[in-house]
Amino acid sequence: MYGSNRPRRYLFLGILLLFLDPVYSQAKEEKKLIEPVPQDGFFNNLNHPDWGAVDDILIRKSPPAYQDGVYEPAGQDRPNPFTISEIAHKGESGLGSARNRTAMLVYFGQQVVEEILDVQRPGCPREFFNIPVPKNHPFNPDNLDNLQMPLQRSRFNQRTGQTAGNPRQQLNEITPFIDGTLFYGPGKAWTDAIREFKRGYLKVRDPSTYDDIAKQFPADNDIRLPFANPPPPADHYLKPVNRFFRLGNPRGFENPFLLTFGVIFFRWHNYIARSLKNYYGEDDERLFEEARRRVIAHHQKIVMYDWLPRWLEIKNETTFFEIPKYIRDPDEACTGKLCAFNGYDSEIHPGISQEFQTAAMRFGHTLVTPGLWLRGPGNSTNCNWRNHTLGMPNQPHGPSYRPIRLCNAFWNSREPVDSTMDDIIRGMSSTLAEKEDNIVVPDLREHLFGPLEFSRRDLVAINIQRAREHGLTDYNSIRKAFELGPLPWEHVTRHLTEPEKLVDLYQNDSSKLDLFVGGLLETTDSGPGPLFQKILLDQFMRIRHGDRFWFENKGNGYNFTDEEIEEIRKVTLRSIILKVTDVREGEIQEDVFIHKPGDVCRQPCQLNSNQNLPCRVNSAQVTVLSENCTSLKHYDYFTGSGAAYILTFLGLGLCVPGTVGIMICMAKYRAKQMQRGRQRRSPHRPNDDPNVFAAVEWVGPNSDERNVKVKLDRSRKKIHVEDMRRKPLRMLDLRSVKQKVHYRLSSDGLQNTIAIRVQGDIDLVIKFLDLEEREKFKKNVDNFLVDLQIEREIHEFTEKSIYDNAQTKEERQKYLDKFFRVICLQAFKRQPGQLQIENMSGDDLNKIIKIKLTRTEFADALGLKPNSIFVRNMFMMVDKNNSGFVEFQEFLDMFVVLASGDAEDKARLIFNMYDVRRQGKLSSKEFARMIHSMLDLSDSSISNTDMQALMNTMYKTAGLPQNADIDFESFAKIFASDEYESTLKKATLGIEALGSDGKQGGQSVMAKKRTTFLESYNMDHESGLQRKNTKIKVKAKSTELPPSPAGQKLYEITRKIENYRLQIFWLSLYILVTIGIFLERAFYYSFEREHAGLRRIAGYGVTVTRGAASVMMFTYASLLVTMSRNTITFLRETFLHRFIPFDSAHAMHKIIAIIALLFTVVHCVGHGINLYHISTQASSDLNCIFREYFRATDVLASFQYWAFGTITGLTGIILTLIVIVMYVFATPYARRNLFNAFWVTHSFYILLYIFMVMHGTGRLVQPPLFQNYFYGPLFIFIVDKFISLSRNQVEIDVISADLLPSDVTALKFKRPINFEYKSGQWVRISCAALGKSEYHPFTLTSSPHEDYLSLHIRAVGPWTTNLRKTYDANNVDSESWTPPKVYVDGPFGEGHQDWYKFPVAVLVGGGIGVTPFASILKDIVYKTTQPIRFPCQKVYFLWVTRTQKQFEWLTDIIREVEEKDIKDLVSVHIFITQFQQKFDLRTTMLYICERHFQKIAGKSLFTGLKAVTHFGRPQFQEFLESLHIEHPEAKQIGVFSCGPPPMTLNVDKACAEANKNEGYPTYSHHFENF
């Protein structure tokens, strides 16, 4: 039975064990879990999580005493800290501690401060509370008036310092707890950076020392942890931070003694981690945390129970200050404030107090020694005192012992620790601290380290100034706050040898006495005085009892056991040293903080600041030579930046003239290329005619050369010049030549050039294929002149001289213009100022009077062909002396008749022109020839039937039988009868245009002349010519300008304001927005962002540059909108065009670009100033302003760094270069001469925006803002670009290319498939022969119904000029020439497509603004032929132009419209506005002939059109109002104008006035401006 139950028992036990094992394992695991000590202090106190956290404020035990109650430093009426330091804290050094305190105690105290307190970092932006250096001070040997020792104010809580109820509160950047910050770093990332992540170790430099703790050193700082790294004052230059170890204390390398403690506790951590390995295994994280927890506890114990009692008070060798127990005995009586401290209390604030930070803890400064003895291995009989080996400048020489001098060891700590760390430890245990008094050694009071610009400072002055900066009140007020009574002066100054000096310095006012001064004067041999003692004790008690992780606190459930606590209490600094170094037990005393009599190796003598110190060392009397402290040095942070600064801005500045120079050179090179392009090789074509020669004519320096044929006409005694297609170009008339003809032959080069100069004519300069061809031509001309009995003279010149001295058409034309002005002046008796010839010299007038017009020039003056009968007859009539030239007086006589003669005079002038034989009569053939010649002027013709009908009518009017001769009396009946006398008499020049006062019947002559009814003529085949009268009034008026230049200028300005009101409104609005953006940013950076500090460094230059930067962002982004052509095309066809002048987008583009350039210059100049200021500042000061930019602490932020080492600086320079290039090549000169370069450089806008985005991403001053302005316009622009790219830009064949007069090139090319457009729209084209990527905009002149596209392009720039050359068939030798293809992009819209929606439409074109109407007119006629209902019943086309020369190419289009307009839909009127102010003789002559021919033929004499030609400006209002009479049924009339703003504004005003009339139709105005 028993045996049978055993298996069951085993089974039950097994199941029970399986069940309990997870529970046991979980319990075991929970036992292992610990709560790590928080490194940032948060949630150390669970009730107040932020108490004791990083960046907690310094608490105040006394009320603040800021000067203004808010933040201004206190004590501004107190004495200069330098003077206080000199009187109260200067004295003899070398007095040892009265209570045998050692240097170990002093420097351990420094590392205690580094553990609980860090207020070293200045505020950001930097605020300076500098200390003026008095004259005769060691820092001021030159007795400067403005020398100051820099002192930066501490960081503070930004939420404080705003009101008196919330004064400024400074921050402690680390936790106040003794929590290992000193060893493990201020944060988790720092800790990870110094960990080994193996064995729980901190990272070791040499892995081979893992098991030899005493030989371990921390790893090198090759990852550049951000340790404090001021320049060592002994060297006075910055050193790289990677020379340090990887330790936890960011300021642990200030001096070798502080660093020694860092290495000791580094080793101690690894020692503990190794000892825990057997218990926790290989779990690195657990080993590390457990070791860290124990090291913190050991440190807490040493600080609180070993160091602090000896620091506060040493009564004798064995009696120290008694620190209250952590947990008070229940039966222990307690009184006073210390009773509140009983174990951990979450209501105790552990924060550092202001009084502790600024004064009490600085009590240790009086204990600091000027140096430290070094002691090697040995015992009491052989202390082995050693020299230090750290190389310093200005060292004393000779056999001596050299201790470490503190002033020269600042920030040069690594080398001595590396080589002599154990010697330093022995030395600190033997070297006595300075005496407990008010004296501070010179190493601190005169030779403390400082920044580069002030390498040595006074620590006492800093202590005093720091307390004032923190707003601490006076000494006695703080005593009162700590329940101590005030002390009189005699008690405070009892230790001073000259107390009256301090009393007088404070003006006997103890309420001004600074805390540090008064507190340090309380010092006794035992230690700090009552005030500092209370402050110190209060602080450490609050730290101990406010720390939930204090090693003695057993209430949190995660801390040490009693046994562990007892083990912790046994740890001393001596025991740690013995375990982690090679210092042996007999080499240092039991209490390393005190050196009692009889302890091992007492120091040979107390070190002082004197250079020579007699001392007995190692049983020998020697002289100890102390190092000299290096003197104060200054530094200019601009050093090394000057050359780069000057060269950079000089280089950028020179980029402007440099780019201009490059542009000019490119233009000159381009001009030379064009010049070479003009220099054609003479075509060598076989010619059977010995009198015809092929050559190249040089026309002038600014004109293209042309292939010509020179023909010697012996029968007519002329030399004709024709193009290769036999079109006459010019001629030399030799019939009346009396003087010699001069040859000029080229003597250099190919010797193929000849110039022929004939009296009174311009030179004929031609080039042949070679010398042989030229000589052949010369021989024939010689024979030709011999036959004509004309003498010749031959000269030889260089080819260049021939060109330079040639009389060209261009030069001749200048004098001809003046010739006609003088003629006008004489004819109308005008003042010179009215004809703009008041500045003409006497020599010029003399030359002008002597000018003789050739027949060609005479024809050009009339705007007619030189070989026409009309010109020939008039020339022969005017040339009264038969000289072959028209002289000044001859031309004047003719002109007077034309200008002011009566009807009979003008009729006789015409009669005499055709009475060539002077018989006093014209035969019927001569009369018919006269009519044909007039028609020939306009390239028109008339059928024989029509001619006979016209002559029959005229003969009938004169009462003559058919085909009879016509004398002048009969001629006058036809042309100067009563019916036409008034018209012919009024056919004078526009006198009113010059301000004539001649009035007839209250109305000027010209006013009567120009007041006429709109008359259109049509041909009735049954009844002949009939005139159709309408009720439409078209009045022409002239404008009288003010006579004075000032009045004219004012008139011009007034007109511009009136004409551009919409543009002015939007431009003003844009400028106001721009100013608003500038002011907003300027205000922000001047006031609202004052805390950032940049303005304090750079002044208000930063305000200007930031404002300018925002304006640049806005303007450069706005440019994208003006570049969105498709969007503008769409919007201009909406109602918005009434309110927004979309046609001015290009002008707005330029204006915005100018504004952008202006602020770019301001921005660049401002940054030049700002960068200078920034480059003169300490790099550390700039770190808080430019926080996005990291650099090594040993690298100064020079100008080169900011300009070339930052993305903002580098992109700024690149952007400046881009802007310079873009703007220089966008000048009119560049666009005119280097359009392709302009086009390419303007494409840099892509780079501009890319670099602008990059410029902002640098976040140098602020987060990027450009996208706020950029994204919207960018979206519009990208969509717009996609629209353009979606169109097919294909190669298109050119059907025909015609060269029209006035330098107009007519292109007709195939219409691409699916190319839909509306009449009046425009396209961008490029020519395959001139570059596929260079597009230019032109208005289509074809109609949408036509199967081709056509353009009429006037040559006004390089590209259009080259285009004309490209399509000039005369330039090509090949007979089978094919015009180059084109690329088309478009169409883009205009605003005139709605003309057909109105029953009556009025089209008004001004100047070249008529171009869109060419397409519209053809479209109108086409639509009338379609079998569809058409709302529009009548269209009036009014073209206002300065001269008829501009519409030669348009006449064919208008003629086609007139021919196809069978429904009489379109009525055309042409207004010529150019008169004497820029005299055009052709205008005058054609006006006279026009009225006669219009009466006779029903169409224009010189255009061949039915359109009526008027001379003057139209009166739009009267015309528009008369439409109501002609079309009473029309309820709405559409008015469409296109041209210069003054004209469109007049049309707009006329519409506005007409709309005021009740019962009239509504006039809807749509306009475009060019």
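Rules used throughout
Residues numbered from 1 in each chain as written. Predicted model: local features only at pLDDT ≥ 70, side-chain atom pairs only at ≥ 80, totals over all residues. Heavy atoms only, no water. Buried < 20%, exposed > 50% of the residue type's maximum accessible area, 1.4 Å probe, protein only. Helix = DSSP H or I, 4+ residues; strand = E, 2+ residues; numbered from the N terminus. Pairing = 2+ DSSP bridges. Axes fitted to C-alpha atoms, helices over the stretch in contact; angles between N-to-C directions. Contact = heavy atoms within 4.5 Å. Disulfide = S-S within 2.5 Å. Salt bridge = Lys/Arg side-chain N within 4 Å of Asp/Glu carboxyl O. Phe/Tyr/Trp six-rings, centres within 6.5 Å; stacked < 30°, edge-to-face > 60°.

Attention now moves to the pairing of strand β11 (residues 612-617). Burial along β11 is one-sided: the face carrying L613, C615 and V617 is buried and the face carrying N612, P614 and R616 is not. Across six bridges, the pairing between β11 and strand β12 (residues 620-625) is antiparallel. Looking across to β12, one finds that V617 is bridged to A620.

Most of strand β32 (residues 1348-1354) sits inside the fold, with six of its seven residues counted as buried. Of the pairings in the sheet, the one linking strand β29 (residues 1304-1310) to β32 comprises seven bridges and is antiparallel in character. The partner of A1306 across the bridge, within β32, is H1352.

Reading across from one edge, β16-β15-β14-β13-β19-β18-β17-β20 is the order of the eight strands in this open sheet, with mixed pairing throughout. Each edge of the open sheet is held by one strand with a lone partner, namely β16 (728-733) and β20 (792-797). Sheet twist, expressed as the average angle between the axes of neighbouring strands with direction ignored, equals 30°. Note that strand β17 (residues 741-746) and strand β18 (residues 753-757) share four bridges and pair antiparallel. Residue L745 lies in a different strand from β18, and its bridge partner there is I754. Lying on the sheet, helix α22 (residues 771-787) is in contact with β13 (692-698), β14 (706-713), β15 (718-723), β17, β18, β19 (764-767) and β20; it crosses β17 at an angle near 170°.

Disulfide: a covalent bond connecting the sulfur atoms of a pair of cysteines. This structure, assessed with the given rule, holds three disulfides. C383 shares a disulfide with C601; S-S distance 2.1 Å. Handedness here is read from the sign of the S-S torsion; for C383 and C601, about -105°, the answer is left-handed. Pair noted here: C383 is in the loop between β6 (374-375) and β7 (385-386) and C601 is in the loop between α20 (573-580) and β11, with a separation of 218 residues, a long-range link. As far as the burial class goes, C383 and C601 line up, both buried. A sulfur-sulfur separation of 2.1 Å characterises the disulfide bridge that pairs C605 with C615. Taking the sign of the S-S torsion, -125° for the link of C605 and C615, the bridge is left-handed.

With that settled, the discussion passes to the pattern of salt bridges. Per the stated rule, a full pass over the model turns up 69 salt bridges. E127 is the salt-bridge partner of R168, the closest N and O atoms lying 2.9 Å from each other. With R168 in the loop between β3 (148-149) and β4 (171-172) and E127 in the loop between α3 (103-116) and β2 (131-132), this pair connects stretches of sequence that are 41 residues apart. Taken as a pair, R168 and E127 share a single burial class, namely buried.

Throughout the structure, instances matching the rule amount to 51 aromatic pairs. Ring geometry for F108 and F593: centres 5.4 Å apart, planes at 50°, overall tilted. With F108 in helix α3 and F593 in the loop between α20 and β11, this residue pair connects regions lying 485 residues apart in the sequence. The buried category is assigned to F593, whose relative accessible area is 2%. On the basis of an interplanar angle of 80° and a centroid distance of 5.3 Å, the ring pair of Y635 and Y637 is categorised as edge-to-face.

That is the geometry; function is a separate question.
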